Amino acid sequence: AAGGVEPYLDSLRRELRVPDPAVLSVLLALLAVALTLLIWRLLQGRKGGRKAVLLLGLCDAGKTLLFARLLTGRYRDTQTSITDSSAMYRVSSDKAANVTLIDLPGHESLRLQFLERFKAAARALVFVVDSVAFQREVKDVAEFLYQVLVDSTLLKNAPALLIACNKQDVTMAKSAKLIQQQLEKELNTLRVTRSAAPTSLDGPATGGPAQLGKKGKDFDFSQLPMKVEFVECSARGSKGEDGDADLEALEKWLAKIA
């Protein structure tokens, strides 16, 4: 009896060792789908865990008034911030969608310290520029923006970046297009200067790359791993304290990234 069963056992062992090609193909396809879903969920989980939108920029760029306008719609007098402020912002087009707005101090001695604290939670960055003072502040604006763009955590997470060209209600305000062109030029100059400097300043020791953008090409924002957009806005509004802010483009962008 044992001798009669043995051939069947041998056949079963062979089939287990060498499965049918069609069955093997199905199993491999199912495994590929399962791995794809797992990777997608992990990526979504990482993004879902980052709910903060950081408001960055130099002092007096209008970040705090913009923060207040987005949350309340009302004008308020502001002063230079020395700490962060945060609140939940609900997207008007979808009440279920929300992000946490965090207004970071713009003072030179504080801004990188607070960026370090919150950067890992950032889903997006709003870099606020004073469009009126831009011409005289362009080097300082580019310097701060450069530090943001070469940060290793932000390069890895690649949060969406919006350059909000504020104070467009003032006649002398520079356009978003001009601000983009000038920033690309200044960032390109900074890149050349920094790449020629000792690597300890911007090299691997601090987590920043030696080169911004693509080597051998003039810098432009399309070379960055994160998507960069420019909008014109006015936290004060054309009618000053009594009028509404002009934040429509910014609000649409927030709805898109929420």
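The coordinates are above.
Each chain has its residues counted from 1, following the order in which its sequence is written. The model is predicted, so local features are restricted to residues of pLDDT at least 70 and side-chain atom pairs to those at 80 or more, both for listing and for counting; the totals for chains, interfaces and linings are taken over all residues. Side-chain numbers here rest on the full set of heavy atoms in the structure, without hydrogens or water.

Here we look at the sheet that holds strand β3 (residues 98-103)
Now for step 1: The six strands are arranged β2-β3-β1-β4-β5-β6 in an open sheet whose pairing can be described as mixed. Both edges of this open sheet fall to β2 (85-90) and β6 (228-232), since each of them pairs with a single strand only. Across the sheet, the mean angle separating the axes of adjacent strands is 25° when strand polarity is ignored.
Now for step 2: At least two bridges found by DSSP between two strands is the condition for calling them paired. In this description a helix means any DSSP run of H or I spanning at least four residues, a strand means any run of E spanning at least two, and both kinds are numbered starting from the N terminus. Here four bridges tie strand β1 (residues 52-57) to β3, and the two strands are oriented parallel to one another. Note on β3: the bridge partner recorded for Leu55 is Asp103.
Now for step 3: By the convention used here, residues are in contact when the closest approach between their heavy atoms is within 4.5 Å. Fitted lines through C-alpha atoms serve as axes, helices being fitted only where they are in contact, and the angles separating the N-to-C directions of these axes extend from 0 to 180 degrees. The strands that helix α5 (residues 134-149) touches are β1, β4 (122-130) and β5 (160-166); relative to β4, the one it contacts most, it runs at about 165°.
Now for step 4: Those strands touched by helix α9 (residues 248-257) are β1, β2, β3, β4, β5 and β6, and its axis lies near 165° from that of β4.

Here we look at the nonpolar core
Now for step 1: Buried Ala, Val, Leu, Ile, Met, Phe, Trp, Tyr and Cys residues form a nonpolar core when they are joined through side-chain atoms within 4.5 Å. Accessibility here uses a 1.4 Å probe with only protein chains present; expressed as a share of the type maximum, an area under 20% marks a residue as buried, one over 50% as exposed, and anything in between as partly exposed. In terms of nonpolar packing, the biggest core is built from 40 residues, with Leu54, Leu149, Ile163, Leu183, Leu187 and Phe221 touching the most fellow members.
Now for step 2: Here this core gets nine residues from one element, more than from any other, and that element is α5.
Now for step 3: Filtering out sequence-adjacent residues up to four positions away, Ile163 remains in contact with Phe127, Val129, Leu145, Leu183, Val228, Glu229, Phe230 and Val231.
Now for step 4: Among the nonpolar cores identified, the runner-up in size contains 26 residues, and Ala61, Ala97, Val99 and Trp253 belong to it.

Some thoughts on the pairing of β1
Walk down a regular strand and you will see the side chains alternate between the two sheet faces.
Now for step 1: Counting buried positions along β1 gives six out of six residues, so the element sits mostly inside the fold.
Now for step 2: A two-sided burial pattern is seen for β1, the buried positions comprising Ala52, Leu54 and Leu56 on one face and Val53, Leu55 and Gly57 on the other.
Now for step 3: When β1 meets β4, the two strands line up parallel, connected through six bridges. Each bridged residue has a counterpart across the sheet, and for Gly57 the counterpart in β4 is Val128.

A word on helix α7 (residues 176-196)
Now for step 1: Each residue after the first adds 1.5 Å to the expected span of a helix. Over its 21 residues, α7 runs 30 Å from end to end, which matches the ideal 30 Å to within 8%, given 1.5 Å per residue.
Now for step 2: Among the residues of α7, Ala176, Ile179, Leu183, Glu184, Glu186, Leu187, Asn188, Leu190, Arg191 and Arg194 are the ones counted as buried.

Overview of the packing of aromatic side chains
Now for step 1: Each Phe, Tyr or Trp ring, with Trp reduced to its six-membered ring, pairs with another whose centre is within 6.5 Å; inter-plane angles below 30 degrees give stacked pairs, above 60 give edge-to-face pairs, and intermediate values give tilted ones. Enumeration over the complete set of coordinates arrives at three aromatic pairs.
Now for step 2: When the ring of Phe127 is compared with that of Phe144, the centres are 5.4 Å apart and the planes differ by 50°; the resulting orientation is tilted. In this pair, Phe127 sits in strand β4 while Phe144 sits in helix α5, placing the two residues 17 residues apart along the sequence. In this structure, Phe127 and Phe144 share a single accessibility class: buried.
Now for step 3: Grouping aromatic residues by their ring pairs yields a cluster made of Phe219, Phe221 and Phe230.
Now for step 4: Two conditions define a charge sitting above a ring: the NZ of Lys or the CZ of Arg must be within 6 Å of the ring centre, and it must be within 35 degrees of the ring normal. Over the ring of Phe144 we find Arg111; its NZ or CZ atom is 4.7 Å from the centre of that ring.

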